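Per-entry structural report
Listed here are the chains, written in short residue letters.
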Amino acid sequence: MSALAEHAITDTGLPALCIAGGVALNCVAGDKIRRLPSVDGYFVPPPASDRGQALGCALYGWHRLTGELPCRPLDADAFGRTYTDAEIEQALRRDPRSGLVERRRASYAWHRESDIAATAAQLIAEGKLIGWFTGRSELGPRALGQRSILADPRTTNARDALNRRIKHREPFRPFAPAVLADHAAAWFDLDVASPFMLLAPRAHPGKADQIAGVVHVDGTARVQTVHPASAPAFAALLDHFHRITGVPMVLNTSFNDREPIVETPAHALATFQASDLDALCVGDYLVVKT
């Protein structure tokens with residue numbers, strides 16, 4: 001990929017790269033490419049997979065029909081629809097209209113929290129594995145704090161529990177850290193924003209041992225930087241966790257168990273019931289098994 005990037009820059013004379021397609025999801029390669037001396041600007045759209053061709057065709061069609069070419073900075077990936085408190089409560093009350101499909105009925109209790117971010121941060125600090133559902137869902141394949149499973153990044157205990165109890169996947173596969181943007185450079189060799197979890201910088205010496213659950217065997221981490229302006233609820237959770245533990249990040253992975261990432265409150269509840277998650281935070285509501 002580096003050779004192709006160099007060739008493209010030489011051929012066009014343009015040092016800013018925008019890469020899409022499934023290959024662009026290779027965050028290790030992407031981090032190396034952005035550091036090439038010839039590269040001045042590097043961007044990968046969050047839905048960087050083969051579906052990008054359809055999105056590109058749609059944009060081209062829009063341009064042909066209207067003459068417009070929408071162009072604005074992209075710093076957030078929350079493009080799904082929102083769900084009201086009434087819709088969330090409808091799912092929690094097992095209302096058939098919510099579309100809830102239960103694979104394994106597990107009894108639960110739920111209530112509204114005055115500060116769901118603070119509650120979630122405390123649960124994570126206690127070693128709990130939680131489902132986190134807030135706002136609009138992500139467009140791309142990465143869960144970025146809207147439809148996520150969150151855990152403590154400080155040891156490998158939560159990582160191993162996730163693989164064993166929830167994800168059922170190979171133990172060597174890494175999990176990602178979601179870190180407050182203002183603290184990222186202090187923990188990782190990262191001097192740019194990485195809001196879409198598409199770069200894999202190295203953790204700084206002396207820091208990796210403090211976040212063993214999210215650092216790969218090669219010393220890198222697939223970092224997501226979180227800014228309060230783009231993700232206020234998620235940033236609030238990270239801030240509370242930082243205050244509790246001194247670590248400004250949590251382990252972040254997609255809210256699913258081999259099936260597609262959850263979309264609706266009913267889907268989140270069904271996955272929570274069918275999995276070994278300890279708690280579910282959906283909107284401002286806390287759900288626990290009884």
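Residues numbered from 1 in each chain as written. Predicted model: local features only at pLDDT ≥ 70, side-chain atom pairs only at ≥ 80, totals over all residues. Heavy atoms only, no water.

**What about unusual backbone geometry?**
Just so we agree on the cut-off: Each helix corresponds to a stretch of at least 4 residues labelled H or I by DSSP, and each strand to a stretch of at least 2 residues labelled E; elements are numbered beginning at the N terminus. For every residue, the accessible area obtained with a 1.4 Å probe (protein chains only) is divided by the maximum for its type, and the residue is called buried under 20%, exposed over 50%, and partly exposed between those limits.
Here His 168, not a glycine, exhibits a phi torsion of approximately 55°, which is positive. Within the secondary structure, His 168 is located in the loop between α6 (156-167) and β6 (176-180). In this structure His 168 comes out as partly exposed when scored by relative accessible area, which is 38%. The phi dihedral of Met 197 falls on the positive side, at around 60°, and the residue is not glycine. Relative to the elements of secondary structure, Met 197 occurs in the loop between α7 (184-187) and β7 (224-226).

**Brief notes about the side chain of Thr 134**
Selection rule: Whether two residues are in contact is decided by their heavy atoms: any pair within 4.5 Å suffices.
Here Thr 134 shows up in the loop between β4 (130-133) and β5 (147-151). Classification of Thr 134 by relative accessible area gives buried; the value is 17%. For Thr 134, the residues in contact, after removing those within four places along its chain, are Gly 145, Gln 146, Arg 147 and Ala 233.

**Digging into the sheet that holds strand β3 (residues 108-112)**
We apply this condition: By the convention used here, strands pair only if DSSP detects at least 2 bridges between them. Helix axes are fitted to C-alpha atoms over the stretch in contact, other axes to C-alpha atoms as well, and angles between N-to-C directions run from 0 to 180 degrees.
On the basis of which strands lie adjacent, the open sheet formed by eight strands has the order β3-β10-β9-β4-β5-β8-β6-β7 and mixed pairing. The open sheet terminates on both sides in strands that have one partner only, identified here as β3 and β7. Direction aside, the axes of adjacent strands within the sheet are offset by 30° on average. Its contacts with the sheet put α6 on β5 and β8 (249-254), and the angle it makes with β8 is roughly 20°.

**Regarding the packing of aromatic side chains**
Selection rule: Only rings of Phe, Tyr and Trp enter the pairing, Trp through its six-membered ring, and a pair is recorded when the two centres are within 6.5 Å. The plane angle decides the type: under 30 degrees is stacked, over 60 is edge-to-face, the rest tilted. Comment: the charge-over-ring label is applied if NZ (Lys) or CZ (Arg) is within 6 Å of the ring centre and within 35 degrees of the ring normal.
Under the counting rule described, the total for this entry stands at two aromatic pairs. Plain terms: the ring middles of Tyr 83 and Phe 133 are 6.0 Å apart, the flat faces sit at 55° to each other, and that makes the pair tilted. You can see Tyr 83 sitting in the loop between α3 (52-66) and α4 (85-92) and its partner Phe 133 sitting in strand β4, a full 50 residues away along the chain. Using a relative accessible area of 16% as the deciding quantity, one classes Tyr 83 as buried. Residue classification places Phe 133 among the buried positions, given a relative accessible area of 2%. Its end group placed over the ring of Phe 175, Arg 169 keeps NZ or CZ at 4.0 Å from the ring centre.

**Considerations on the nonpolar core**
Heads up, the condition is: What we call a nonpolar core is a set of buried Ala, Val, Leu, Ile, Met, Phe, Trp, Tyr and Cys residues that are connected through their side-chain atoms within 4.5 Å.
Residues Phe 188, Phe 234 and Leu 237 are the most contacted members of the largest nonpolar core, which totals 78 residues. In terms of residue count, helix α5 (residues 116-125) provides more of this core than any other element does, seven residues in total.

**Overview of the environment of Leu 55**
In this fold, Leu 55 is placed in helix α3. On a C-alpha basis, the gap between Leu 55 and Val 214 in space is 32 Å, while along the polypeptide they are 159 residues apart.

**Notes on the pattern of salt bridges**
Where we set the bar: Just to be clear on terms, a salt bridge is a Lys or Arg side-chain nitrogen sitting within 4 Å of an Asp or Glu carboxyl oxygen.
Counting across every chain of the model gives 14 salt bridges. Taking the shortest distance from any N to any O, the salt bridge between Arg 93 and Glu 89 comes out at 3.0 Å. On the accessibility criterion, Arg 93 (55% relative accessible area) is exposed. Across the pair Lys 128 and Glu 126 runs a salt bridge whose closest N-O atoms are separated by 4.0 Å. Salt bridges sharing common partners tie together Asp 31, Arg 34, Arg 35, Asp 189 and Asp 191.

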